[in-house]
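Here are the chains, one letter per residue:
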Amino acid sequence: MKAKMGFLVPVLGLFLSAPVFAHHSFRAEFDSTKPTEFVGTVTKVEWFNPHARFYIDVKDETGRVTNWNFELGSPLALRRQGWRQDSLKVGDQITVECYLAKDGSKMASATKVTLADGRKVFSGSSTDGSPTQ
Amino acid sequence: MGRGAMCALSVAVCLFVCAFAAFAQGERGAITGAVTDQDGAVVSGVQIQAVDVKTGTIYKTASSATGDYTLGGLPAGTYELSTPVLGFRYRQQNVVVQAAQTLRIDIQLVDTSLNTLGEDRAFFAAYESPRATPNAATPRAPDGKPDLSGVWSAPRIVDPERPNMLPWAAAVIKEEAENYGKDFPRAHCLPDSVTMLGRFSVNRVVQTPTFMLFLNEQDVPGYRQVFLDGRGHPKDLDPTWTGHSIGKWEGDTLVVDTVGFNNKAPINWLTVGGSTPHTEKLHLITRFRRPDLGHLEMEVTFNDPGTFTKPLKMKAISDLVENDEVQEWICNENNQDLEHLVGK
């Protein structure tokens, strides 16, 4: 983005402020430089605090199946946006955009979940045209 | 003095005033730029503030629909530019504005929640946005005191003072920031704040003439109690995470005095900085007002000579929540994150 006027101020001191988050710092656990996408089948949904979670089986090119664990916000936050624990169901075929865990475990923070028919789940308000409730 | 002379004098005075005003305006500077996220996408509606380091005066604006912002009318001086928005992180110190100068500073936000579904940017922005509230007078209890009872939104911090930290405390904050706060008590499902109202959830206030109860949804232990029956603080307090609170009315203001803290719970009311340490010397004074039906005002003084060079005062507002309740929060039920919080 180009500057419209003036000049950039030299950064004399950039204060590293502490992160702000609902339960824990996501950057302490997930790698923001590793946005990743998975396609798989939902095997389990956990609707517990402090984070709701879902798990999917992902098949690689050799046919080997790996189960991945995806973190969402809290069930309280999701419910207030209209989502429910059956908004995503075992057996659903989904595409997940996410950030991988830093420690190499089969965990990730989900930023977009798309059902096979194109509907988005857990994104924005469930009343904004997303039929899954 | 004749009419013509009077008229000439009036014109002269007017010209002088206008010229002075123009001169004064010309002395002012501005900071302008665009707000983007780490992917380069513009971010609208982000609150941006410049704090005059010398006077403490705060200048505020918000990014437009196209992500642009301008902080105008700034006297020449040194500023700290920041975005006091939950879920984002940006702070730049030592921004020097010269007289009649327009600085260009593009702000690239760090999204601290990584836009996780359910707790994305819209979720965090909601905490900083006032809710629609009913317009009516302050309700009063049978004893004539303002009745602070109700379900209240998470406090929105207004007019934040910049803390003057002792070196050890500043070092702790810096270390926590570099480690992305991996050891914060909240991540361990331990108490999140020394304040009466939780920063991240709705709270219920229950008021009686002699006792007040605060129910905090997403905090541990989930309640704070304040004794209004005239008792003092016990002499032999064991230090605890949330301390011991007594209160008394000064007119329509409830003044709550809290002591007896251990040094474990953070001060999480600082809009940028997330969390601040304290010592067992912490003495908290919270002044509650309900100016009308829909708002609860809080002025909190954090007095801790072991942490701050002078008492830190902060103001916050909660909005009345009419269609929601405090929900159950069993944080430890599925806290899988703990073993995966690696920090840097």
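Residues numbered from 1 in each chain as written. Chains lettered and ligands numbered in written order. Predicted model: local features only at pLDDT ≥ 70, side-chain atom pairs only at ≥ 80, totals over all residues. Heavy atoms only, no water.

## Focus on the overall build of chain A
- Looking only at helices and strands, chain A features two helices and six strands.
- Ordering the α and β elements of chain A from the N terminus gives α-β-β-β-α-β-β-β.
- Partitioning the intrachain contacts of chain A with sequence separation of at least 6 by distance along the chain shows that 55% fall at a separation of at least 24.
- For chain A, the accessible surface area stands at approximately 6,300 Å², while carbon and sulfur atoms represent 53% of it. (Helix = DSSP H or I, 4+ residues; strand = E, 2+ residues; numbered from the N terminus. Contact = heavy atoms within 4.5 Å. Areas by Shrake-Rupley, 256 points an atom, 1.4 Å probe, with all protein chains shown as cover.)

## Here's the deal with the overall build of chain B
- In terms of helices and strands, chain B carries three helices and 20 strands.
- Out of the 344 residues in chain B, the part that is buried amounts to 51%.
- Here the contacts in chain B between residues at least 6 apart in sequence split such that 60% fall between residues at least 24 apart. (Buried < 20%, exposed > 50% of the residue type's maximum accessible area, 1.4 Å probe, protein only.)

## Regarding the pairing of strand E15 (residues 223–227) of chain B
All names here are of chain B.
- Here five bridges tie strand E14 (residues 211–216) to E15, and the two strands are oriented antiparallel to one another. Within the sheet, the bridge partner assigned to Met 212 lies in E15 and is Val 226.
- Linkage of E14 to E15, two consecutive antiparallel strands, is achieved through a turn of six residues, within which Gly 222 is found at a positive phi near 95 degrees.
- Looking at chain direction, E15 and strand E16 (residues 244–250) are connected through two bridges and run parallel. Looking at the pairing, Val 226 lines up with Ser 245 of E16. (Pairing = 2+ DSSP bridges.)

## Side note on the state of the cysteines
Residue and element names in this part refer to chain B.
- A full pass over the atoms with the stated rule returns one disulfide over all chains.
- Through a disulfide, Cys 189 is tied to Cys 331; the S-S separation comes to 2.0 Å. Because the sign of the S-S torsion sets the handedness, a value of about -70 degrees for the bond joining Cys 189 and Cys 331 places this disulfide among the left-handed ones. With a gap of 142 residues between them, Cys 189 in the loop between helix H3 (167–178) and strand E13 (203–207) and Cys 331 in the segment after strand E20 (312–319) connect regions that are remote in the sequence. Each member of the pair Cys 189 and Cys 331 is classed as buried. (Disulfide = S-S within 2.5 Å.)

## Brief notes about the nonpolar core
- Counting residues in hydrophobic clusters, the biggest one holds 33 residues, and the most contacted among them are Phe 288 and Phe 302 of chain B.
- For this core, the secondary structure elements donating two or more residues are H3, E14, strand E17 (253–259), strand E18 (283–292), strand E19 (295–303) and E20 of chain B.
- Examining the composition of this core, we find that four residues originate from one element, E19 of chain B, more than from any other.
- Discounting residues that sit within four places of it in the chain, Phe 302 of chain B has contacts with Val 194, Thr 195, Ile 267, Trp 269, Leu 282, His 283, Leu 284, Phe 308, Pro 311, Leu 312 and Met 314 of chain B.
- Ranked by size, the runner-up nonpolar core spans 24 residues in total, among them Trp 47, Ile 56, Phe 70 and Phe 122 of chain A. (Core = buried A, V, L, I, M, F, W, Y, C linked by side-chain atoms within 4.5 Å.)

## Some points on the pairing of E19 of chain B
All names here are of chain B.
- Bridge analysis of E18 against E19 gives eight bridges, and the strand direction is antiparallel. Its bridge partner lying in E19, Thr 286 is registered against Val 300.
- Remark: two residues form the turn of the hairpin made by E18 and E19, two consecutive strands paired antiparallel.
- Sheet topology places E19 next to E20; eight bridges connect them, and they run antiparallel. Considered in E20, the bridge of Leu 296 is made with Ser 318.

## Observations concerning the side chain of Ser 201 of chain B
- Note that Ser 201 of chain B resides in the loop between H3 and E13.
- Here Ser 201 of chain B is in contact with Tyr 127, Trp 152, Ser 153, Ala 154, Asn 216, Glu 217 and Gln 218 of chain B, once residues within four sequence places are set aside.

## Comments concerning the confidence of the model for chain B
Residues and elements named next belong to chain B.
- Chain-level pLDDT for chain B is 87 on average; 88% of the residues reach the 70-or-more range.
- Segment residues 17–24: pLDDT under 50, and zero contacts once partners within four positions in sequence are set aside and those in other chains are kept.
- Under the prediction, the complex receives an ipTM of 0.80, its pTM being 0.81. (pLDDT = per-residue confidence, 0-100.)

## Details of the side chain of Thr 307 of chain B
Residue and element names in this part refer to chain B.
- Looking at the secondary structure, you find Thr 307 in the loop between E19 and E20.
- The exposure class of Thr 307 is buried, given its relative accessible area of 0%.
- Engagement of the side chain of Thr 307 in a polar contact is seen with the backbone nitrogen of Thr 279, the distance being 3.4 Å.
- Engagement of the side chain of Thr 307 in a polar contact is seen with the side chain of Asp 304, the distance being 2.7 Å.
- Discounting chain neighbours no more than four positions away, the residues touching Thr 307 are Asn 164, Met 165, Leu 166, Trp 168, Ala 169, Pro 277, His 278 and Thr 279. (Polar contact = N/O pair within 3.5 Å; in protein donor to acceptor, adjacent residues only side chain to side chain.)

## Side note on helix H2 (residues 121–128) of chain B
- Turning to H2 of chain B, its buried residues are Phe 123, Phe 124, Tyr 127 and Glu 128 of chain B. Projection of H2 of chain B onto a plane perpendicular to its axis shows the buried side chains occupying an angular sector of 145 degrees, all on one side.
- Here the buried face of H2 of chain B lies against helix H2 (75–80) of chain A together with strand E2 (47–52) and strand E12 (156–158) of chain B. (Arc of directions from axis to C-beta.)

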